[in-house]
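A look at the structure
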Amino acid sequence: MKISVRNVTKTFGNYRALDDVSLEVPDGELVALLGPSGSGKTTLLRIIAGLELPEHGNVFFDDDDAARRKPGERRVGFVFQHYALFRHMSVFENVAFGLRVRPRSTRPAEPEIRRRVHDLLGMVQLDGFAERFPSQLSGGQRQRVALARALAVEPRVLLLDEPFGALDAKVREELRQWLRRLHDEIGVTSLFVTHDQEEALDVADRVVVMDHGKIEQVGSPEEVFHSPANEFVLGFLGQVNRLEVRALRGEPMFAPRPYPDLGATAPQARIFARPHQVGLAKTQPDGPAFPAKVVRVHAAGPIVRVELASEFGEIRAEISHDRLRELELRDGVRVWVGLLEYRVYPHDGAAERLG
Amino acid sequence: MPPDAVVSRDLLALQRAAYASARTEKPWVRRTLIGLALTFVALLVLAPLAIVFLFAFEKGRDVYFAALTDPVAWSAIRLTLFTAAVCVPINTAFGVAAAWAITKFDFRGKSLLITLIDLPFAVSPVIAGLIFVLLFGLQGWLGPWLVEHGVKVIFAPAGIVLATMFVTFPFVARELVPLMQAQGAEEEQAAMMLGASGWKTFWRVTLPNVKWGLLYGVILCNARAMGEFGAVSVVSGHVRGLTNTMTLHVEILYNEYDTAGAFAVASLLTLLALVTLVLKSLIESRHLKPLKAKLAREARGDDA
């Protein structure tokens, strides 16, 4: 089922949570709504679910206007951030709830309910837990019960609000791989909210980056990471070095400048390069480069992270262990910093891919 | 083991250590303090309780049962039971509705409603009774109209029910609002997303979650409805056999120097209080058991 959000606006008092947002979620995709807190991502999810009403705009499931349907009639599975399991019901009854509350005419018979609940519990790997109560489960198990409960009503769309937010790091990583596999298995159009860029890039087919109630970019994880539409997306999707420097025709004018007479009058620009796009060298390399001093070397881990001080402020670089041995870096050593790849954002904010 | 379990276990250990270090007084200090507390309880609580039954049976069993089976006493008992039977269900329904509205929805005038619910606690019961006299009495606002239509409120059971309802108005709502506030509205939203109607959500999700708190509120409400004196005294008019409740009947008997009779009826009210206390502590233990079990599990560190 395709989801279309068209020109949705929502305010809470004076605060504009969503500002004329439009979004298409293609059938069968797993899409991440990514943004800092207060970006409107959860509000958008709740509006799609029908838990909030938009002031302007519409939500369509395929070509069906959702405004005419109450939340319970939209056939949307919703997984709450804090699970919202029914605390006085067993795991079995939690999952069976959506089937039991149906009107008598469409309610499955008891053996059918039993079969379906046990199938779902098998799918979320909680076979032996049917008689337990939510308070007797760990966070990861509760999350899976919440998912099974949402899937029991055979939703056309699955919405997850910060599904892994309340779990510790290791469980979170396991569960998100598991969610990806589950999605591939059942193929239901799914939308999840997260503030963790790593999670979004790791799991989703498509990432929607949001900030201040607006969508900044929609694209595959590769697109948003490698071709960020603007400074915000670039900065939000991982570490980045930001340099204020004069630039001519998109080329930064580092000293010693190739065009000394033009350098002083060239327009000011912001140059961005991720740590892995920063190269280090003992002698001045070709291309844009400037000198810097090593402040600290973090060699624990698969890559080496180097902190440097330069006239443009603090620079972070990531290099291989081999390269570290070649360069013989130590604290206080002076090196040349070259930008292997970088982006220049002139003051109108649009991106220019260079390097 | 999740980090919060570790923290809570550390907290428990700290707590135990704190208690241990707090127990450094000399034994005689401890015994004196405990003795003092027990003496006060005995003097102020147990002695009066015992005296009620002592005086009630002072002139023997026959007088005791005669006082209870006296037609006037019997009518007072019936009126009290009737008043409670009307007030408790109505205030229960109101309390649940108010708590539901306050905790699950946002609307204008919500804080005003919360304040109004507390009003009967703030107003002296005598004044509550007077309000009804001023409203429905012969010289009151609605008095003449009521007389014209042959409706009697003041000096009639209707007035007693109204006054009792006013006084017992907050009990259920006050018990439920904090409980439901703590639980939030997410479970209801989850039920709604799963296709449950508002009615089904209420019966299957909201009510089971608050049942012990609700029962607790109902019991307190009932105890107060049967025990109310001030407000009822103002509106009743003390017509024997017609508008006397048990509390009013006790007062009349006592003023007429029928001590044994007064205490016999009083002993019934006292029994009711004792039953209420037992029920209350039973419910409290049911109420708290899941919480305690959870703490114990976390202390053992197997809540993962």
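This is a predicted model, so every value here is computed, not measured.

**Regarding the nonpolar core**
Residue and element names in this part refer to chain A. Core analysis: the biggest nonpolar cluster contains 45 residues, and V95, L121 and L147 have the highest contact counts within it. Among the elements that line this core, the one with the most residues is helix α4 (residues 139-152), at 7 residues. Leave out the neighbours within four places in its chain, and L147 touches V79, L158, L160, W178, L179 and L182.

**Some thoughts on the sheet that holds strand β7 (residues 157-161) of chain A**
Residue and element names in this part refer to chain A. The sheet built from 6 strands is open, its strands ordered β6-β7-β8-β3-β9-β10 with mixed pairing. Two strands close off the open sheet at either side, each with one partner strand: β6 (76-79) and β10 (214-219). The mean angle between the axes of side-by-side strands here comes to 15°, regardless of whether they run parallel or antiparallel. Of the strands in this sheet, β6 and β7 touch α4, which is tilted by about 170° from β6.

**Comments concerning the sheet that holds strand β15 (residues 289-298) of chain A**
All names here are of chain A. Across the sheet, which stays open at both edges, the 5 strands sit in the order β14-β18-β15-β16-β17 with antiparallel pairing between neighbours. Edge positions in the sheet fall to β14 (278-281) and β17 (313-319), since each has one partner strand and no second. Ignoring strand direction, the axes of neighbouring strands in this sheet form an average angle of 45°.

**A word on the packing of helix α10 (residues 186-193) of chain B against helix α11 (residues 198-227) of chain B**
All names here are of chain B. Close contact between α10 and α11 brings their axes to 10 Å; oriented N to C, the two are set at 160°. With respect to their mutual orientation, α10 and α11 come out roughly antiparallel. Of the two elements, α10 crosses α11, and the hand of that crossing is right-handed. When α10 is examined against α11, the residues E187, E188 and A191 are found in contact with a partner set consisting of T201, V205, T206 and N209. In terms of residue class, the contact of α10 with α11 is made up of 2 nonpolar, 3 polar and 2 charged.

**Re the environment of G40 of chain A**
Mapped onto the elements of the fold, G40 of chain A is located in the loop between β3 (30-34) and α1 (41-49). Here G40 of chain A is in contact with A17, L18 and M210 of chain A, once residues within four sequence places are set aside.

**Quick notes on the pattern of salt bridges**
Pairs may arise between side chains of opposite charge once their charged atoms sit close together. Residue and element names in this part refer to chain A. Scanning the model with the defined rule gives 31 salt bridges over all chains in all. Across the pair K282 and E328 runs a salt bridge whose closest N-O atoms are separated by 3.1 Å. With K282 in the loop between β14 and β15 and E328 in the loop between α10 (321-327) and β18 (334-339), this residue pair connects regions lying 46 residues apart in the sequence. Here K282 matches E328 in class, with each residue exposed. Residues E326 and R323 are paired through a salt bridge, measuring 2.8 Å at the closest nitrogen-oxygen approach. Note that E326 and R323 are positioned in helix α10 at a spacing of 3 residues, about one turn of the helix.

**Thoughts on the confidence of the model for chain B**
Residue and element names in this part refer to chain B. Per-residue pLDDT for chain B averages 81, and the proportion of residues at 70 or more is 86%. Between the elements of chain B, mean pLDDT differs from a low of 59, seen in helix α1 (residues 3-22), to a high of 91, seen in α10. ipTM for the predicted complex: 0.81, alongside a pTM of 0.75.

**Here's the deal with the interface of chain A and chain B**
One frequently used descriptor of interface size is the decrease in accessible area upon assembly of the parts. Counting residues at the interface gives 30 residues for chain A and 20 residues for chain B. Roughly 2100 Å² of surface becomes buried between chain A and chain B when both sides are summed, with 59% attributable to carbon and sulfur atoms. For the chain A face of the interface with chain B, the top three residues by lost area are R87, H88 and V101 of chain A, together amounting to 24%. The tally of links from chain A across to chain B stands at 1 salt bridge. A salt bridge links E187 of chain B to R87 of chain A; the shortest N-O distance between them is 2.7 Å. At the boundary of chain A and chain B, one finds 5 residue pairs in polar contact (both at pLDDT 80 or more). Going through the elements one at a time, α1, β6, α2 (91-100) and α4 of chain A are the ones with two or more residues in the side of chain A that touches chain B. Taken together, the residues of the side of chain A that touches chain B sort by class into 16 nonpolar, 6 polar and 8 charged.

**Regarding the state of the cysteines**
Each disulfide consists of a covalent bond between the sulfur atoms of two cysteine residues. Residues and elements named next belong to chain B. Within the structure shown, the criterion is met by 0 disulfides over all chains. Here C87 is not disulfide-linked; the sulfur of C221 is the nearest cysteine sulfur, at 7.4 Å. When its relative accessible area of 0% is taken as the criterion, C221 is described as buried.

Reading the values: rules and limits
- Residues numbered from 1 in each chain as written.
- Chains lettered and ligands numbered in written order.
- Predicted model: local features only at pLDDT ≥ 70, side-chain atom pairs only at ≥ 80, totals over all residues.
- Heavy atoms only, no water.
- Core = buried A, V, L, I, M, F, W, Y, C linked by side-chain atoms within 4.5 Å.
- Buried < 20%, exposed > 50% of the residue type's maximum accessible area, 1.4 Å probe, protein only.
- Helix = DSSP H or I, 4+ residues; strand = E, 2+ residues; numbered from the N terminus.
- Contact = heavy atoms within 4.5 Å.
- Pairing = 2+ DSSP bridges.
- Axes fitted to C-alpha atoms, helices over the stretch in contact; angles between N-to-C directions.
- Parallel < 35°, antiparallel > 145°, perpendicular 65-115°, else oblique.
- Left-handed = near helix turned anticlockwise from the far one by under 90°.
- Nonpolar A, V, L, I, M, F, W, Y, C, P; charged D, E, K, R; others polar.
- Salt bridge = Lys/Arg side-chain N within 4 Å of Asp/Glu carboxyl O.
- pLDDT = per-residue confidence, 0-100.
- Buried area = accessible area lost by both parts, 1.4 Å probe.
- Polar contact = N/O pair within 3.5 Å; in protein donor to acceptor, adjacent residues only side chain to side chain.
- Disulfide = S-S within 2.5 Å.

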